[in-house]
Amino acid sequence: MRIARLGAAGLRFGLRRARLSVAAVSCALLLGCGSPPLTNADGLLVLTDETPTGLDYDGPSAAIPQSQTGIVNLMEPLIDYAPGAVNDSGVRIPDFTRFEGRLAERWDFDAARGVLRLHLRRDAVSCAGNPLTAADVVYTFARAKSVSGAAPIGWFLANAGGVADFDGDVFTDPAARTLGDEVRAIDRHTVEIRQGQPNPLLLPVLTTFGLLIFDSVEMRARATEDDPWSHDYANNAAPPSFGPYCVERWVRSSELVLRANPHYYRGAAPIARIVIKRVPQSANRYMIMRMRQAHVAERLTPREVAAIEDVDGLAVRSVQGNESLFLHMNFATPPFDDPLVRRAIAAAIPTRQIIRNGYFGAAVPWTGVAPSSYPGAASGAVTTDDPARAAALLAQAGYPGGRGLERYPDAFRLAYVAEREAVLGPIAASLQTALRRLGVPATLDPIPSAQFGDRQLVKKDLPFALNDQEKPVVVDAGYAAQLFFVSASAGGVNNMVNYANPALDALWARARGETDRVRRTALIQDIQRLASADVAWAPIVEYRTHWVGDAQVQGWSWRPDNALRFYDLRFAP
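Residues numbered from 1 in each chain as written. Predicted model: local features only at pLDDT ≥ 70, side-chain atom pairs only at ≥ 80, totals over all residues. Heavy atoms only, no water.

Draft legend 1. Highlighting the overall build of the protein. Within the protein one finds 18 helices and 21 strands. Computed over the C-alpha atoms, the radius of gyration of the protein is 24 Å, within 12% of the 25 Å expected from 2.2 N^0.38 for a compact globule of 573 residues. Dimensions along the principal axes, computed over C-alpha positions, put the protein at roughly 70 × 65 × 45 Å. Burial analysis of the protein (573 residues in total) assigns 61% to the buried set. The contacts in the protein between residues at least 6 apart in sequence include a share of 71% that link residues at least 24 apart. Carbon together with sulfur atoms contributes 51% to the accessible area of the protein, which is approximately 21,200 Å² in total. (Helix = DSSP H or I, 4+ residues; strand = E, 2+ residues; numbered from the N terminus. Rg over C-alpha atoms; globule rule 2.2 N^0.38 Å. Buried < 20%, exposed > 50% of the residue type's maximum accessible area, 1.4 Å probe, protein only. Contact = heavy atoms within 4.5 Å. Areas by Shrake-Rupley, 256 points an atom, 1.4 Å probe, with all protein chains shown as cover.)

Here it is as structure tokens:
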């Protein structure tokens, strides 16, 4: 799919100032001054706006896309989605109706007992040289149930998949944090997982980054009295696991270097070394790619992607996946506790202008609260692009022309990830202008990605934010609803706006155990409509995921976490 093309002259002005710094970046960071041109023998060089800020998937960095990229290339799932078709951009999309074994060679499900039996591989060996056993799976689930990390992602996924006794009691009763027989070893290479009630998400959650399997031998060796589950080690060194790559070097805010795991059960990775370099300015990443001094660039701006499409030797790979932009308003922060204010702010969003000027046509209006391509997704009722309605709603809320909102200056600090300035900065400025016309005293507050993730996922104290990095990694609208809109007491974990509606929680309690697909879909769509009516957040656009790569790089694939799987990539012969 082509993006509306911009002429080279249209890009030159925006990039001219970057050229000196590009030369410095290319010399100092990539090859070294006087080095020969990059060759495939150097490994795969990937440019991104940030390197992982942490690698513990139960930590605050779990919401950061680059941290997820590190995790999924170092760790391994029990099962994965089976490969599907290749799209018109050369990217293979999973078949979300079929699964294939990874660390679990095969499995069977006893529906009467609600028990999934997993038969583990006997040839999987970790980066530390330890063979996979059932103890590693049991340890992973025991760690998840301990909810000892800053963000209980593992617990949430087990809860979302209906694993027995992974319920909200863990947050109030320390005794409930101990794993019982709900996940148990039958023998050295066989594990059973028992559901508390029927739930269709058990296999899908096992594919995701938050239930990848730890090398329990290595993790236990690094445990301390203060940190019995080795969160510090997993976060600051590397999560020991059975994945295709091991960490060779990791310098935060600089680079992550991966080396192929020599023990990997699927065979050594076709590209033995991956070098992920932080180049914060997208203009610099763009110019380095044009200079053919890197193999892959992530998160270029839509303008840069459009300008690079016809460059010889480079290719744009893209997919209409699950990435979106939305505006979040924290229910715990006045005046966003007033639904009229939330509806007024939403109505002021200049969606058409954002698509035209922020994404250069490579986005579509988003009218729901779950990705529109997901099974069970429903359109919502959030109105945008209607300044007259916005003014009327604000007056109805008691703030005619914005008068009275000056009492809440901190509430209207519009946060976004500073490393995404090239894309989000102009969008935030457009939104600020539209809100100020309404009388809303919006100011801009770009903050580092690590701080953004911590405040969103752990502290949940961001009052007002533009967010373009959240996506439900299980392809199901019900999972999205539980992830973002179910209250914490009812099983939600990433409810970043502190939204709570007992009616919605009650609908989810019915939907999660519903075995009839039609009835389940109806309940989930009711949940989405309720969240939209409450403006749990204001959806803005859905946009395409893009990578720019050397044309010799083949084997591109997409997963719902939007992280590249480096094992799939190879250089053309």
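Draft legend 2. How the structure looks around the nonpolar core. In terms of nonpolar packing, the biggest core is built from 109 residues, with Leu 44, Phe 141 and Phe 566 touching the most fellow members. Those residues in contact with Phe 566 that lie beyond four places of it in its chain are Leu 44, Val 46, Thr 69, Asn 73, Tyr 245, Leu 258, Ile 274 and Ile 276. Formed by 43 residues, the second largest nonpolar core is a distinct cluster that contains Ala 390, Phe 412, Ile 427 and Leu 438. (Core = buried A, V, L, I, M, F, W, Y, C linked by side-chain atoms within 4.5 Å.)

Draft legend 3. Helix α11 (residues 339-348), seen in detail. For α11, a buried count of eight out of 10 residues is recorded, marking the element as mostly surrounded by other parts of the structure. Those residues of α11 that sit buried are Leu 340, Val 341, Arg 342, Ala 344, Ile 345, Ala 346, Ala 347 and Ala 348. Buried residues in α11 make contact with β13 (324-329), α13 (387-396), α14 (421-438), β17 (464-467) and β18 (538-543). Where α11 begins, one side-chain oxygen reaches toward the backbone nitrogen of Leu 340, 2.8 Å away; that side chain belongs to Asp 338. (Polar contact = N/O pair within 3.5 Å; in protein donor to acceptor, adjacent residues only side chain to side chain.)

Draft legend 4. Quick peek at the packing of aromatic side chains. Scanning all chains against the criterion turns up 23 aromatic pairs. Here the basic side chain of Lys 145 rests over the ring of Phe 166, its NZ or CZ set 5.7 Å away from the ring centre. (Phe/Tyr/Trp six-rings, centres within 6.5 Å; stacked < 30°, edge-to-face > 60°. Lys NZ or Arg CZ within 6 Å of the ring centre and 35° of its normal.)

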